[in-house]
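Results of the structural survey
Residue strings, one per chain:
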Amino acid sequence: MAERAQAAGLMERGCPAHWPDIVIRPSSDADVPAMIAIYERHIRKGVGDTGDFEEERLLPDELKRRRKNMRSKRLPHLVAERDGQVAGYAYAVPFRKRPAYRFTLKHSIYVHPDHLHAGIGRRLLPALIEACAAGGYRQMIGYIDAKNEASLRLHEACGFARVGYLPAIGYKYGRWSDSVMVQCPLGSGADDQPQSWRKPEPAGPAE
């Protein structure tokens, strides 16, 4: 019930449930080359949606390892497919390792530059929120480059609030970069006590 209510709230805030030419689905190993191509465009151009200052290339085996690790923890790793091509992807990882933070996730979202302003982010982000809420998580955190106004508007439309500002936290392409910390409640958020945490069951074989 909480997840359905949250989905309705997302639609009211400008995150529609359906875009006719965009399909959101779990990623597979077959999507790895497309996801790496998207990621490399972001780190070369400095247009990452979530303040990612990584500069080294992401290798296929490393991305496959990350996917497998997320699957084992029942964490979503989603792609947006448009006209048969992977146009973006998003995922969530534990915010911190200590048990006290076990209901909080940190997310990343990347959209191919050729598919900007096509509704990719407005489909991916709500789908990620809903998947994480369905998994019993209660909060989602993100870090966004302060100059990335489009991403800040997207996150605010989908229920995120600006909760922190980190000046000059990153240095890339000859400049200091500020980062905005955003947060979104999942499901019932902090309105009630979470059920006893259960370790996730092992996932099935990786694709």
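Because the structure is a prediction, the values reported are computed rather than measured.

What to know about the environment of A146
Mapped onto the elements of the fold, A146 is located in the loop between β5 (139-145) and α5 (149-157). Since its relative accessible area comes to 18%, A146 is described here as buried. Each C-alpha atom, one on A146 and one on L166, is 9.0 Å from the other, the two residues being 20 residues apart in sequence. Non-local contacts of A146, meaning those with residues more than four positions away in its chain, are made with L152, Y165, D178, S179 and V180.

Comments concerning α5
Those residues of α5 lying buried are S151, L152, L154, H155 and A157. G159 sits one or two residues past α5 and shows a positive phi near 100°.

Brief notes about the nonpolar core
One finds Y89, I120, L124 and I129 to be the most contacted residues of the largest nonpolar core, which totals 46 residues. If one sorts the elements of this core by residue count, helix α4 (residues 120-134) sits on top with eight residues. In this structure Y89 touches M35, I38, Y39, H77, L78, V79, S108, I109, Y110 and L124, once residues within four positions along its chain are discounted.

Some words on the side chain of H115
Relative to the helices and strands, H115 resides in the loop between β4 (104-111) and α4. Of note is the side chain of H115, whose polar atom sits 3.2 Å from the side chain of R82. Excluding its chain neighbours within four sequence positions, the residues that come into contact with H115 are R82, Q85, A87 and I120.

Quick notes on the packing of α4 against α5
At a closest axis distance of 10 Å, the pairing of α4 and α5 adopts a crossing angle of 45°. Here α5 runs oblique to α4, going by the angle between their axes. In this structure, the crossing between α4 and α5 has a hand that is right-handed. On α5, the residues that touch G121, R122 and L125 of α4 are L154, H155 and A157. Classifying every residue of the contact of α4 with α5 gives three nonpolar, two polar and one charged.

Examining the sheet that holds strand β3 (residues 85-94)
Read across the open sheet, the seven strands follow the order β1-β2-β3-β4-β5-β7-β6; overall the sheet is mixed. Edge positions in the sheet fall to β1 (22-26) and β6 (161-172), since each has one partner strand and no second. Recorded for the sheet is a direction-independent mean angle of 25° between the axes of neighbouring strands. Bridging between β5 and strand β7 (residues 175-185) involves seven bridges; their strand directions are antiparallel. The residue bridging M140 from the neighbouring strand is C184, located in β7.

The rules behind these values
- Residue numbers restart at each chain and count upward from 1, following the sequence in its written direction.
- Where totals are concerned, whole chains, interfaces and linings use all residues; where local detail is concerned, this predicted model gives features only for residues with pLDDT of at least 70, and gives and counts side-chain atom pairs only at 80 or more.
- Only heavy atoms go into the side-chain values, all of them from the structure, while hydrogens and water stay out.
- A run of H or I in DSSP becomes a helix once it reaches four residues, and a run of E becomes a strand once it reaches two; helices and strands are each numbered from the N terminus.
- The buried label goes to any residue with under 20% of its type's maximum accessible area, the exposed label to any with over 50%, and the partly exposed label to all in between, with areas taken from a 1.4 Å probe on protein chains only.
- Note on contacts: a residue pair qualifies if any of its non-hydrogen atoms lie within 4.5 Å across the two residues.
- By nonpolar core is meant a set of buried Ala, Val, Leu, Ile, Met, Phe, Trp, Tyr and Cys residues that side-chain atoms within 4.5 Å join together.
- Side-chain atoms alone can form a polar contact between residues adjacent in sequence; in general such a contact is a pair of N or O atoms within 3.5 Å, and within protein one must be able to donate a hydrogen while the other accepts it.
- Whenever a helix is involved, its axis is fitted only over the stretch in contact; in every case the axis is a line through C-alpha atoms, and angles between N-to-C directions fall within 0 to 180 degrees.
- Oblique is the label for any angle not covered by the other classes, which are roughly parallel (under 35 degrees), roughly antiparallel (over 145) and roughly perpendicular (65 to 115).
- The sense of a crossing depends on the near helix, which, turned anticlockwise from the far helix by less than a right angle, makes the crossing left-handed and, turned clockwise, makes it right-handed.
- Each residue gets one label: Ala, Val, Leu, Ile, Met, Phe, Trp, Tyr, Cys and Pro are nonpolar, Asp, Glu, Lys and Arg are charged, and the others, such as Gly, are polar.
- Here, strands pair whenever DSSP counts at least two bridges between them.

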